[in-house]
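Coordinate analysis (summary)
Okay, here's what each chain looks like letter by letter:
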Amino acid sequence: MNEAITNGFLARIEERKALVAVIGLGYVGLPLVELFATVGFRVLGFDIDATKVEKLQRGESYIGHIASERIALLRDSGRFEATADFVRLGEPDAILICVPTPLGEHREPDLSPVVNTAHEIASRLRAGQLVILESTTYPGTTRDVLRPALEKSRLRAGEDFFLAYSPEREDPGNAAHSAGKIPKVVGGFDPESLRLAHSLYSAVVPKIVPVSSCEVAEACKILENTYRAVNIALVNELKVLFTAMNLDVWEVIEAAKTKPFGFQAFYPGPGLGGHCIPIDPFYLTWAARQYEANTRFIELAGEINTSMPAYVIGRVVEALNARKKPLNGSHVLVLGAAYKRDVDDPRESPAFELLERLSAGGASVSYNDPHIPELPAMRKHSIRLKSTDLTPESLGTQDCVLICTDHSVYDWSWIVAHSSLVVDTRNATRGVTVGREKIVPA
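Residues numbered from 1 in each chain as written. Predicted model: local features only at pLDDT ≥ 70, side-chain atom pairs only at ≥ 80, totals over all residues. Heavy atoms only, no water.

1. Things to note about the packing of helix α1 (residues 3-14) against helix α7 (residues 191-202)
For the pair α1 and α7, interaxial distance at closest approach is 9 Å and the crossing angle is 10°. The orientation of α1 relative to α7 falls into the category roughly parallel. Here E3, T6, N7, F9, L10 and I13 of α1 come into contact with α7, specifically with E192, R195, L196, S199 and L200. Across the contact of α1 with α7, the residue classes tally to five nonpolar, three polar and three charged. (Axes fitted to C-alpha atoms, helices over the stretch in contact; angles between N-to-C directions. Helix = DSSP H or I, 4+ residues; strand = E, 2+ residues; numbered from the N terminus. Parallel < 35°, antiparallel > 145°, perpendicular 65-115°, else oblique. Contact = heavy atoms within 4.5 Å. Nonpolar A, V, L, I, M, F, W, Y, C, P; charged D, E, K, R; others polar.)

Here it is in structure tokens:
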């Protein structure tokens, strides 16, 4: 790459004159938009969802923990514009790809969003642009999948355009670990690509962690989430065992985490949810098969975690049976449809499978979530419901209230007081002192 092109790019970053594009304006992309625009860059946001684009252009947010006032400030600053017109991909200096990377029908990587985005970029790619993939994926994706798609433009990575990988580390709803406070791992296709990506991200995050290749950066993200998935599987398996031994797994964990070394607390639940942990380990197991390697430990963890909804339904059935009620014909209210506390993100939430399993067993199901007024369409689930209001009457008509997500707005003592049976998958009712005979852990 011409040294003058590199130096010119670095100067535009330093002077905040570089135009940054973010493709995919969801839970990862929108915080990035805000980071770059806030420090003075002009940002062009792309999304295939015209409804999202229209809302952003009106200064409205569709993500619960990002207030509309913040979006309005970005719009009014003149530094942010949202568009669904991918013809404009030739305008930006840097293009950050933040599209989903879901699993296919057989838990194989579905990179079609990345590939389709790459084709859109390739048809407008110009010399000197920097393309960075942020979507979580297996090692080798940037070099072996994204690069060839981009090079259909007849431009070459490392010669005509810059290419890098930097994994997203977004934790929706966690103000202590917002995007602007988390160190950024960056791997470049070549040294100049790394240099530019390093400089760009340095403008918005406190620490850059450069690594030797795109593959190392890709593997880093997979390791982070596999680590969590495996440890969650461990405590989920122990939950089943300790319940059979009449031990409280939550009390055991609280005692164990007083050890000041060699232990980190992970917590059981009704199943995995979110945009990373239920998916990323399977990207690694798929990639391992390409090298004729087995990842038995990771696959076992996946089996345990995906079995949790069935275990929870079993606990609901046991609890109803103990009260001489069958699941068939019972009214069951699921509390929480988001995958974790205090967010409006339902991706991969176990609530969908719980509701469908309960319904398949003959139960009359409903749900409540103050952050999700209606269940959105999901690729793997067909259930569609609207959130039920919580009142003494609505709780009193339920044969079972099943806690899936422990939102902080819920008054657990009030909920228990007006319910006949509460099955708790999150230890949400630990502080309830009256009516504990109604509570069954799951």
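2. Some remarks on α7
Over its 12 residues, α7 runs 16 Å from end to end, which matches the ideal 16 Å to within 8%, given 1.5 Å per residue. Within α7, the full set of buried residues consists of S193, L194, L196, A197, L200 and Y201. Seen end-on, α7 carries its buried residues on one side only, within an arc spanning 165°. (Expected span 1.5 Å × (residues − 1). Buried < 20%, exposed > 50% of the residue type's maximum accessible area, 1.4 Å probe, protein only. Arc of directions from axis to C-beta.)

3. Remarks on the sheet that holds strand β13 (residues 439-441)
In space, the five strands of this open sheet follow the order β10-β9-β11-β12-β13, with parallel pairing throughout. With one partner strand each, in any of the chains shown, β10 (364-368) and β13 form the two edges of the open sheet. The average undirected angle you get between the axes of adjacent strands in this sheet is 25°. As paired strands, strand β9 (residues 331-335) and strand β11 (residues 400-403) are joined by four bridges and run parallel to one another. Paired with V334 across the two strands is L402, which belongs to β11. Contacts between helix α12 (residues 308-322) and the sheet are confined to β11, β12 (422-424) and β13, with β11 contributing the most and set at about 155° to the helix. (Pairing = 2+ DSSP bridges.)

4. Remarks on the environment of F261
Structurally, F261 is set in the loop between α9 (249-256) and α10 (280-290). Taking the C-alpha atoms as reference, F261 lies 21 Å from L223; in sequence the two are 38 residues apart.

5. Structural notes on the state of the cysteines
If you walk through the whole model with that rule in mind, you get zero disulfides. Here C214 is not disulfide-linked; the sulfur of C220 is the nearest cysteine sulfur, at 13 Å. Assessed through its relative accessible area of 0%, C214 is described here as buried. Sulfur of C400: no disulfide; nearest cysteine sulfur belongs to C404 and is 12 Å away. (Disulfide = S-S within 2.5 Å.)

6. Here we look at the pairing of strand β8 (residues 208-211)
For strand β7 (residues 184-188) and β8, the ladder comprises four bridges, and the chain directions are parallel. Within β8, the position partnered with G187 by the bridge is V211. Taken together, β7, α7 and β8 constitute a β-α-β crossover, and its handedness is right-handed. (Right-handed = clockwise from strand over helix to strand, strands pointing away.)

7. Quick word on empty space enclosed by the protein
Within this structure, the stated rule accounts for one cavity of 30 Å³ or more. Estimated volume of the largest cavity: approximately 120 Å³. (1 Å grid on protein atoms, 1.4 Å probe; cavity = no way out; pocket = protein on both sides within 12 Å on 5 of 7 lines; lining within 4 Å. Points joined across faces, edges and corners; volume = space filled by probe spheres on them.)

8. Digging into the pattern of salt bridges
Applying the stated criterion across every chain, the model contains 24 salt bridges. Across the salt bridge formed by E3 and R195, the nearest N and O atoms sit 3.6 Å from each other. Here the residue E3 occupies a position in helix α1, and R195 occupies one in helix α7, the gap between them amounting to 192 residues. In this structure E3 comes out as partly exposed when scored by relative accessible area, which is 44%. (Salt bridge = Lys/Arg side-chain N within 4 Å of Asp/Glu carboxyl O.)

9. Description of unusual backbone geometry
If a residue is not glycine, its phi is most likely negative; likewise, a peptide bond is most likely trans. Non-glycine residue R16 carries a positive phi angle of around 60°. Mapped onto the fold, R16 is located in the loop between α1 and β1 (19-23). Take R16: its relative accessible area is 29%, and that puts it in the partly exposed class. The phi dihedral of N427 falls on the positive side, at around 60°, and the residue is not glycine. Here N427 lies in the loop between β12 and β13.

10. Regarding the sheet that holds strand β3 (residues 80-83)
Spatial ordering of the open sheet is given by β3-β2-β1-β4-β5-β6-β7-β8, a layout of eight strands whose pairing is mixed. Among the strands making up the open sheet, the edge pair consists of β3 and β8. Here the average twist between neighbouring strands, direction ignored, is 25°. Pairing between strand β6 (residues 162-165) and β7: two bridges, direction antiparallel. Following the sheet pairing, Y165 is matched in β7 by G187. Along the sheet, helix α6 (residues 141-150) contacts β4 (94-97), β5 (130-133) and β6; its crossing angle with β6, the most-contacted strand, is approximately 145°. In the packing of α7 onto the sheet, contacts are made with β1, β4, β5, β6, β7 and β8, and the angle to β7 comes to roughly 155°.

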